[in-house]
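Read off the chains here:
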Amino acid sequence: RWGGYAEAHARDYYPMGCVEIMIQGKSPMWGGAGGPVIFPALIELVFTSGRSNLAGDSGPQTGELHEIKTFEDFMSAYLEQVRHRVRAGIDQCEGEFSRDRSRRLDPFASALVDNCLEKGLEIEQGGAECPFIRTVSSRGLGTAVDALAALKAAVFEQQRLTLQELKDALDSNFDGDRKSVV
């Protein structure tokens, strides 16, 4: 099975809307919930060991900057922040959908989706052959990739500044020492 789908169904999908993937006649409506994962903001959480200056959000404590010696260390801390935020979004999504499940009825759509009539269940109550698709939205992946590449080059490869110097420049919005970081 591929992500909960039989191989034949996983290959028989269509794009519905802007990013939703559906399996015609086999799956309930796509549903998104949970706060978005904002990839660039998670870089800040590495610089602050999980404490956000702007967003009021927080993540796991991933260590102080002086403990990060390599780009791999930085990426490890970043990916820990990503995993935490994605898990939090999934948990929020699951909670929202399980609370609303009894009120989310769609008899017309259920009549058009395979197995609902046979099982006597609505599409979101387990009647559909394929599982309900829940997603957590995200933003800024390209920006985060660009920022991580610039950070890797300036701090770890070219050693033009330290992580602490970069943090200080970011905290002051690059006011004062105009050291180029890219």
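Residues numbered from 1 in each chain as written. Predicted model: local features only at pLDDT ≥ 70, side-chain atom pairs only at ≥ 80, totals over all residues. Heavy atoms only, no water.

Observations concerning the overall build of the protein
This is how the line gets drawn: Going along the chain from the N terminus, every DSSP run of H or I of four or more residues is numbered as a helix, and every run of E of two or more is numbered as a strand. Note on classification: 1.4 Å probe, protein chains only; a residue is buried when its accessible area is under 20% of the maximum for its type, exposed when over 50%, partly exposed between these limits. Contacts are assigned to residue pairs that have any heavy atoms within 4.5 Å of one another.
A tally of regular secondary structure across the protein gives seven helices and six strands. Ordered by position from N to C terminus, the α and β elements of the protein give α-β-β-β-β-α-α-α-α-β-β-α-α. In the protein, which comprises 182 residues, the proportion classed as buried is 36%. At a minimum sequence separation of 6, the contacts of the protein that also span at least 24 residues come to 55%.

Some thoughts on the confidence of the model for the protein
The condition that has to hold: Per-residue confidence from the predictor is reported as pLDDT, a score between 0 and 100.
On average, residues of the protein score 82 in pLDDT, and 83% of them are at 70 or above. When pLDDT is averaged over each element of the protein, helix α6 (residues 141-157) comes out on top at 96 and strand β3 (residues 31-32) at the bottom at 63.

As for the packing of aromatic side chains
Keep this limit in mind: Planes of paired rings set the category: under 30 degrees apart is stacked, over 60 is edge-to-face and the rest tilted, where pairs are Phe, Tyr or Trp rings (Trp by its six-membered ring) whose centres lie within 6.5 Å.
Under the defined criterion, the tally for this structure stands at two aromatic pairs. Between Phe47 and Phe74, the ring centres sit 5.5 Å apart and the planes meet at 65°, which makes this aromatic pair edge-to-face. You can see Phe47 sitting in helix α2 (residues 39-47) and its partner Phe74 sitting in helix α3 (residues 71-100), a full 27 residues away along the chain. As far as the burial class goes, Phe47 and Phe74 line up, both buried. Between Phe71 and Phe156 the ring centres are 6.0 Å apart and the planes differ by 65°, which places this aromatic pair in the edge-to-face class. You can see Phe71 sitting in helix α3 and its partner Phe156 sitting in helix α6, a full 85 residues away along the chain.

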